[in-house]
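The chain contents come next:
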Amino acid sequence: NAAGATALNGTTWFDRTNYFQTVPTPALEYTLYLESDRMGHLLGQVSQEVLDLQRGVVQNEKRQGDNQPYGMTYYATLEALFPEGHPYRHSTIGSMADLDAASMQTVRQWFIDNYGPNNSVLVLSGDINEAEARELVNKYFGHIPAGAVNTPKAADIPTLAAPVSQTLHDRVAQARVSRNWVTPGLLHEDTVPLSIAASVLGGLSSSRLDNELVRGDQTASSVSAGNQVFQRVSMFSYSATVKPGQDHEAVAAKMDETFNRLMANGPTQDEIDRVVTQYASRTIQGLEQANGKASVLAEGQLYAGDPEHYKNELKRYAAVTPQQVKDAMQRWLTRPVYSQTVLPGEREAYTEAAATPSGATPAPAAEIVRTPRDPAPAIGDVQNVDFPDLQRATLSNGIEVVYAHSTAVPVTRIALEFDAGIAADRADRLGAHSLMIDVMREGSTTRDSLALAEAQERLGASLGFGSSMDRTIASLSTVSTNLTPSLTLFADVLRNPAFTPSEVERLRAQRLARLASEKTQPAALGSRALPPLIYGENHPYGRPASGSGTPEVVTALTREDLVGEHQSWIRPDNAKLFVVSDLPLSEVTAQLNAAFGDWRAPSVAKGTKDFSVALPAAANRIVLIDRPQSPQSIIMAGQVLPYSGTDDMLVLGLGNTVLGSDFMSRMGARSSVQAAL
């Protein structure tokens, strides 16, 4: 943290463990010193106390995941798909028994076997050239001796002897059905065709499962499909979350029919083209930041022996044909399937951590003498951050444009912000604003929901809509060569929403299903309860943070209510545009004027938010919310402070960071916490 790191963390997954930091260039040498200290000099610093503390942190992290709806299903999937002894059978976070049993000697040996320099990839991405990089890396890592030769354990692609079907239960509001297979790993010739098949089936917004089950007969509230690619194997799956009141077996049958048609006939070329365009656009956008570049280069070198492997992936996607997708599906997805059904009910038995971990009380481990090191290098002078100069313009209808020029990638990002947000809801009509946004994005007067989804995919554009407490934000991200047609689409959604009655009813049903699910999610239960307790139910900030409203209001809202909500808030006299692009401001402004310059405010009054509502008297209060069978408790606390967003919050924000919003904060070092303003 002394280095001024922004992105800073360490993570682990089936094939790799990574540590990453984004730091100012004057702090690079100091950061390399610390990383080399971790690699070459860590063992002597790990005491039994540190081991026990971190064991508890990981177990608490495991509880967090397990405590979510459907949180136990991934363990069951891995155990069903992979035989005993297969390296992909056990989840990355392990079991409570594994964590209990981890002794000091176990941890030391793992480090010795795996964390040597000959088993690592180091990427420096940013303001440094190759000669400087070599010198610094040799200086700080060159003295570390090679570790054990790491020979990855064999990992074949297992095939089930016969289909396996399993039913689980959980504290969930909706049943979920899924199908799963093990498929080939990253470098296999069938992996990209299978990934494209998954996108066509349930990954695209216009996917076949979406069209059949969500838009079509509306028996599912959501669907998904994916080919989760790892180095040596992948996992292909598709699933549907069943709308309350629907028959999960009928949904599963329709889901399988859709899959079987795709496998029998293959995708269309247009479907493949849309997948490839989206993949290329997301890859390009992911390379904008330094840590995005570093990740792509490191993974390419680690998994494929080629830091530029991402280029090969782009070529592979671009060359795939419908026949290749069909053939790959028939080769791998006609094998026996693992089917999983999760039904609402009492969750199956859960194994908790032992009161006294067996690994915590072994015979004392031999002392390791830490090799003395030279003092850490000083952090250089970090200058004030040199942000791009902001430029401003005004559209012909008065909308202000705030622009920053960035040439990192050929991408344009636009945020059209409205002074609205969750606080725009009336106290007696909670959820109206966010339901309006949901319906607005699902169809214009010229394009229905499916046409909008397909248009985005053909352009590689991403349209986003959402709300903070104070703002409603419509966003567009696209490669700059497609900015003109992407803006046409963006403006059409915002200016010409159809609010088709059938779409209103479809989105209403989805919202009611979401509200039922919120009542099963630990964090959602707390975040729905806290704001009205501290602000009062009539205050604009006394709203559940999700903005999803209540079943009573959502059920009663009419199409006319949603049209009125749009006219009150989504209008040019309530908007401001923010743009980051590699294109010059003059060119961007011309295109924005073409899309929005003739947009005029409706005759109805602009919406207002009443912040004069008195806050409740401050008083200590404890509210308990019971969620049966939860392996972990969540504690939320809040207090209204005499500050607003226009005040200087630097000191208060730093205090929050020290207290709990950083993983090295006073509370964060020992548990999972978050403090926020």
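You'll find the structure just up there.
Structural notes, computed from the coordinates.

The rules behind these values
Residues numbered from 1 in each chain as written. Predicted model: local features only at pLDDT ≥ 70, side-chain atom pairs only at ≥ 80, totals over all residues. Heavy atoms only, no water. Helix = DSSP H or I, 4+ residues; strand = E, 2+ residues; numbered from the N terminus. Rg over C-alpha atoms; globule rule 2.2 N^0.38 Å. Buried < 20%, exposed > 50% of the residue type's maximum accessible area, 1.4 Å probe, protein only. Contact = heavy atoms within 4.5 Å. Areas by Shrake-Rupley, 256 points an atom, 1.4 Å probe, with all protein chains shown as cover. Lys, Arg positive; Asp, Glu negative; His and termini not counted. Charge placed at Lys NZ, Arg CZ, Asp CG, Glu CD. Axes fitted to C-alpha atoms, helices over the stretch in contact; angles between N-to-C directions. Parallel < 35°, antiparallel > 145°, perpendicular 65-115°, else oblique. Left-handed = near helix turned anticlockwise from the far one by under 90°. Nonpolar A, V, L, I, M, F, W, Y, C, P; charged D, E, K, R; others polar. Phe/Tyr/Trp six-rings, centres within 6.5 Å; stacked < 30°, edge-to-face > 60°. Lys NZ or Arg CZ within 6 Å of the ring centre and 35° of its normal. Core = buried A, V, L, I, M, F, W, Y, C linked by side-chain atoms within 4.5 Å. 1 Å grid on protein atoms, 1.4 Å probe; cavity = no way out; pocket = protein on both sides within 12 Å on 5 of 7 lines; lining within 4 Å. Points joined across faces, edges and corners; volume = space filled by probe spheres on them. Expected span 1.5 Å × (residues − 1). Pairing = 2+ DSSP bridges. Salt bridge = Lys/Arg side-chain N within 4 Å of Asp/Glu carboxyl O.

### Observations regarding the overall build of the chain
What the chain contains, in helices and strands, is 22 helices and 13 strands. Radius of gyration (C-alpha) of the chain: 27 Å, near the 26 Å computed for a compact globule of 677 residues. Along the longest, intermediate and shortest principal axes, the C-alpha atoms of the chain span 80 × 65 × 55 Å. For the chain, the proportion of its 677 residues judged to be buried stands at 43%. For the chain, restricting intrachain contacts to residue pairs at least 6 apart in sequence, the fraction spanning at least 24 positions comes to 80%. Within the structure as shown, the chain displays about 33,800 Å² of accessible surface, and the carbon and sulfur contribution to it stands at 53%. Charge separation in the chain, taken as the distance between the mean sites of 57 positive and 74 negative side-chain charges, equals 3 Å.

### What about the packing of helix α10 (residues 269-286) against helix α12 (residues 309-319)?
Running from amino to carboxyl end, α10 crosses α12 at an angle of 165°, the nearest separation of the two axes being 9 Å. As summarised for this structure, α10 and α12 are arranged roughly antiparallel, according to the angle between their axes. The chirality of how α10 crosses α12 is left-handed. Across from Val-275, Val-276, Tyr-279, Ala-280 and Thr-283 in α10, the residues of α12 making contact are Tyr-310, Glu-313, Leu-314, Tyr-317 and Ala-318. Class assignment for the residues of the contact of α10 with α12 results in eight nonpolar, one polar and one charged.

### Some details on the packing of aromatic side chains
This structure, assessed with the given rule, holds 18 aromatic pairs. A ring pair is formed by Tyr-279 and Tyr-317, whose centres lie 3.8 Å apart and whose planes are at 10°; its orientation type is stacked. With Tyr-279 in helix α10 and Tyr-317 in helix α12, the pair connects residues that are 38 residues apart, well separated along the chain. Measuring from centroid to centroid gives 5.9 Å for Phe-596 and Trp-599, while their planes differ by 40°, and the two rings are tilted. Both residues of the pair, Phe-596 and Trp-599, count as buried. Through pairs of rings, three or more aromatic residues link up here, namely Trp-13, Phe-14, Phe-82, Tyr-88 and Phe-230. Its guanidinium or amino end placed over the ring of Tyr-19, Arg-38 lies 3.7 Å from that ring's centre, counting from NZ or CZ. It is Arg-373 that lies over the ring of Tyr-33; its NZ or CZ is 4.3 Å from the centre.

### Thoughts on the nonpolar core
Grouped burial of nonpolar side chains is what soluble globular proteins tend to show. Counting 51 residues, the largest nonpolar core has Ile-414, Leu-416, Leu-487, Phe-490, Leu-494, Leu-592 and Phe-596 as the members making the most contacts within it. Per element, the largest residue contribution to this core is seven residues, and it comes from helix α16 (residues 483-495). Judged by nonpolar contacts, the second largest core, of 39 residues, contains Val-214, Ala-225, Phe-259 and Leu-262.

### Points about the side chain of Thr-258
Checked against the element boundaries, Thr-258 lands in helix α9 (residues 248-265). What makes Thr-258 buried here is its relative accessible area of 2%. For Thr-258, the residues in contact, after removing those within four places along its chain, are Leu-201, Arg-208, Leu-209 and Glu-212.

### Re empty space enclosed by the protein
Per the stated rule, a full pass over the model turns up two cavities of 30 Å³ or more. In this structure, the largest cavity encloses a volume near 50 Å³. Every residue lining the largest cavity is listed: Leu-81, Pro-158, Thr-159, Leu-160, Trp-181, Val-182, Arg-335 and Pro-336. Per-class residue counts for the lining of the largest cavity are six nonpolar, one polar and one charged. In this model, the second largest cavity occupies a volume close to 30 Å³. Forming the walls of the second largest cavity are Gly-421, Ile-422, Asp-425, His-433, Ser-434, Ser-467 and Gly-547. Of the residues assigned to the lining of the second largest cavity, the class counts are one nonpolar, five polar and one charged.

### Points about helix α1 (residues 28-41)
The periodicity of an α-helix, 3.6 residues per turn, causes residues three or four places apart in sequence to face the same way. The end-to-end C-alpha distance of α1 is 19 Å, a good match for the 20 Å that 14 residues give at a rise of 1.5 Å each. Counting buried positions along α1 yields ten of 14 residues, so the element is predominantly enclosed. Those residues of α1 that sit buried are Leu-28, Tyr-30, Thr-31, Leu-32, Tyr-33, Glu-35, Ser-36, Asp-37, Met-39 and His-41. Those residues of α1 hidden inside the fold are in contact with β2 (17-21), α5 (104-114) and α6 (130-141).

### Section: the environment of Leu-43
One can find Leu-43 in the loop between α1 and α2 (48-66). If near-sequence neighbours (up to four positions away) are discounted, Leu-43 is found in contact with Arg-108, Phe-111, Ile-112 and Ile-368.

### A short note on the pairing of strand β4 (residues 176-184)
Taken across its nine residues, β4 has eight buried, putting it largely inside the fold. Here nine bridges tie β4 to strand β6 (residues 233-242), and the two strands are oriented antiparallel to one another. Within β6, the residue paired with Trp-181 across the bridge is Phe-236.

### A closer look at unusual backbone geometry
Its identity is not glycine, yet Gln-218 carries a phi of approximately 55°, on the positive side. Position of Gln-218 among the secondary structure elements: in the loop between α8 (208-214) and β5 (220-229). On the basis of relative accessible area, Gln-218 is assigned to the partly exposed category, the value being 24%. Positive phi is not limited to glycine here, since Gln-629 has a value of about 65°. Positionally, Gln-629 belongs in the loop between α21 (585-596) and α22 (650-661).

### Quick word on the environment of Gly-286
Among the secondary structure elements, Gly-286 is positioned in helix α10. For Gly-286, a relative accessible area of 37% corresponds to the partly exposed category. Sequence separation between Gly-286 and Arg-179 is 107 residues; the distance between their C-alpha atoms is 30 Å. If near-sequence neighbours (up to four positions away) are discounted, Gly-286 is found in contact with Gly-292 and Lys-293.

### Section: the pattern of salt bridges
In total, this model carries 39 salt bridges according to the counting rule given. The partner of Glu-400 in a salt bridge is Arg-392, with the nearest N and O atoms 2.8 Å apart. For Arg-392, a relative accessible area of 52% translates into the label exposed. The closest approach of N and O atoms between Asp-428 and Arg-426, which form a salt bridge, is 2.9 Å. In this structure Asp-428 comes out as exposed when scored by relative accessible area, which is 54%. Given the relative accessible area of 46%, Arg-426 is considered partly exposed. Via salt bridges that share partners, Asp-270, Arg-274, Glu-454, Glu-457 and Arg-458 belong to a single interconnected network.

### Digging into the sheet that holds strand β7 (residues 338-344)
Taken in spatial order, the five strands of this open sheet run β3-β7-β4-β6-β5, and their pairing is mixed. For this open sheet the edge positions go to β3 (164-170) and β5, each flanked by a neighbour on one side alone. Here the strands of the sheet are splayed against their neighbours by 15° on average, with no regard to which way each runs. Along the sheet, α9 contacts β4, β6 and β7; its crossing angle with β6, the most-contacted strand, is approximately 135°.

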